[in-house]
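Architecture and fold: a report
So the chains spell out like this:
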Amino acid sequence: DVKVTQSSRYLVKRTGEKVFLECVQDMDHENMFWYRQDPGLGLRLIYFSYDVKMKEKGDIPEGYSVSREKKERFSLILESASTNQTSMYLCASSLPQGAAFQETQYFGPGTRLLVL
Amino acid sequence: GQQVMQIPQYQHVQEGEDFTTYCNSSTTLSNIQWYKQRPGGHPVFLIQLVKSGEVKKQKRLTFQFGEAKKNSSLHITATQTTDVGTYFCAVSGTYKYIFGTGTRLKVLA
């Protein structure tokens, strides 16, 4: 059975703290993604990775960085947390693109981050 | 960049009524996916449509892909309380996906 896990379901941090959100998938997927979800804005892509040590900026990368040292693990880093980064963070993984169509994304349970 | 408009943003229906959410793109799509997110949960894949004019059914859910491959709809017949949640469409870009803003469905018993 497919599984994507995230290190925390809930997290409370203070402004200026460095925050690490971890995501692990056990499906040997090449692609991994980090999204944030806010009411009325849907899912917005922060960063994605299509291979180990590879990373690409998504639509809203400012204030974030990522690390992919191993295929199964994709970390999201908030270098200096700010209150506007309070959000639900969702990790997802998928197989690489086929010639004709995209593969399903499998999502983790999400981390609800509150920055005070 | 590519944008996906999804309407309506919210919908409240009485149990037993039908429900439809629409996804529209300004550009021709290679495919479209639909996801459902239950309250407090994470998005779960429902289906993918690839062909022009394609119609797929999953029990009370009917998914359609427009002839021009620029729009799609998800229709639920005779809603039940288990249908509550947010429904997202997602379209593919290079390596990545673009999600619609979602339609939040509330079913009143």
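Within chain B, the regular secondary structure consists of 0 helices and 11 strands. Over its C-alpha trace chain B gives a radius of gyration of 13 Å, about what one expects of a compact globule, namely 13 Å for 109 residues. If one aligns the C-alpha atoms of chain B with their principal axes, the spans along those axes are about 40 × 25 × 20 Å. Here chain B holds 109 residues, and the buried ones make up 49% of them. Here the analysis covers contacts within chain B between residues at least 6 apart in sequence; of these, 52% occur between residues at least 24 apart.

All names here are of chain A. The sheet built from 4 strands is open, its strands ordered S1-S3-S8-S7 with antiparallel pairing. Taken across any chain shown, the strands that pair with only one partner, and hence form the sheet edges, are strand S1 (4-6) and strand S7 (64-70). Averaged over all pairs of adjacent strands, the angle between strand axes in this sheet comes to 20°, irrespective of strand direction. Here 6 bridges tie strand S3 (residues 19-25) to strand S8 (residues 73-78), and the two strands are oriented antiparallel to one another. When the sheet's bridge partners are listed, Phe20 is paired in S8 with Ile77.

Moving on: the side chain of Asp83 of chain B. Residue and element names in this part refer to chain B. Here Asp83 shows up in the loop between strand S8 (71-76) and strand S9 (85-92). For Asp83, a relative accessible area of 4% gives the class buried. Within polar-contact distance, the side chain of Asp83 engages the side chain of Arg60 at 2.9 Å. With sequence-adjacent residues up to four places away left out, Asp83 is seen in contact with Lys36, Arg60, Ile76, Leu105 and Val107.

Attention shifts here to the environment of Ser92 of chain B. Here Ser92 of chain B is to be found in strand S9. Note on Ser92 of chain B: relative accessible area 14%, which makes it buried.

Taken together, the side chains of Val12, Leu114 and Leu116 of chain A make up a nonpolar region of the molecular surface, amounting to roughly 270 Å² of accessible area. Note on placement: Leu116 of chain A falls in the segment after strand S11 (111-115).

Right, let's talk about the interface of chain A and chain B for a bit. On the side of chain B, 21 residues touch chain A, which itself brings 24 residues to the contact. When chain A packs against chain B, close to 2000 Å² is buried across both sides, 54% of that on carbon and sulfur atoms. Here chain A and chain B share 0 salt bridges between them. Here chain A is connected to chain B by 3 residue pairs in polar contact (both at pLDDT 80 or more). Elements that contribute at least two residues to the side of chain A that touches chain B include exactly strand S4 (31-38), strand S5 (42-49) and strand S9 (87-94) of chain A. Among the residues forming the side of chain A that touches chain B, the class breakdown is 11 nonpolar, 10 polar and 3 charged.

Calculation notes
Residues numbered from 1 in each chain as written. Chains lettered and ligands numbered in written order. Predicted model: local features only at pLDDT ≥ 70, side-chain atom pairs only at ≥ 80, totals over all residues. Heavy atoms only, no water. Helix = DSSP H or I, 4+ residues; strand = E, 2+ residues; numbered from the N terminus. Rg over C-alpha atoms; globule rule 2.2 N^0.38 Å. Buried < 20%, exposed > 50% of the residue type's maximum accessible area, 1.4 Å probe, protein only. Contact = heavy atoms within 4.5 Å. Pairing = 2+ DSSP bridges. Axes fitted to C-alpha atoms, helices over the stretch in contact; angles between N-to-C directions. Polar contact = N/O pair within 3.5 Å; in protein donor to acceptor, adjacent residues only side chain to side chain. Patch = residues over 30% accessible without salt bridge, like charges linked within 9 Å, V, L, I, M, F, W, Y side chains within 5 Å. Areas by Shrake-Rupley, 256 points an atom, 1.4 Å probe, with all protein chains shown as cover. Salt bridge = Lys/Arg side-chain N within 4 Å of Asp/Glu carboxyl O. Buried area = accessible area lost by both parts, 1.4 Å probe. Nonpolar A, V, L, I, M, F, W, Y, C, P; charged D, E, K, R; others polar.

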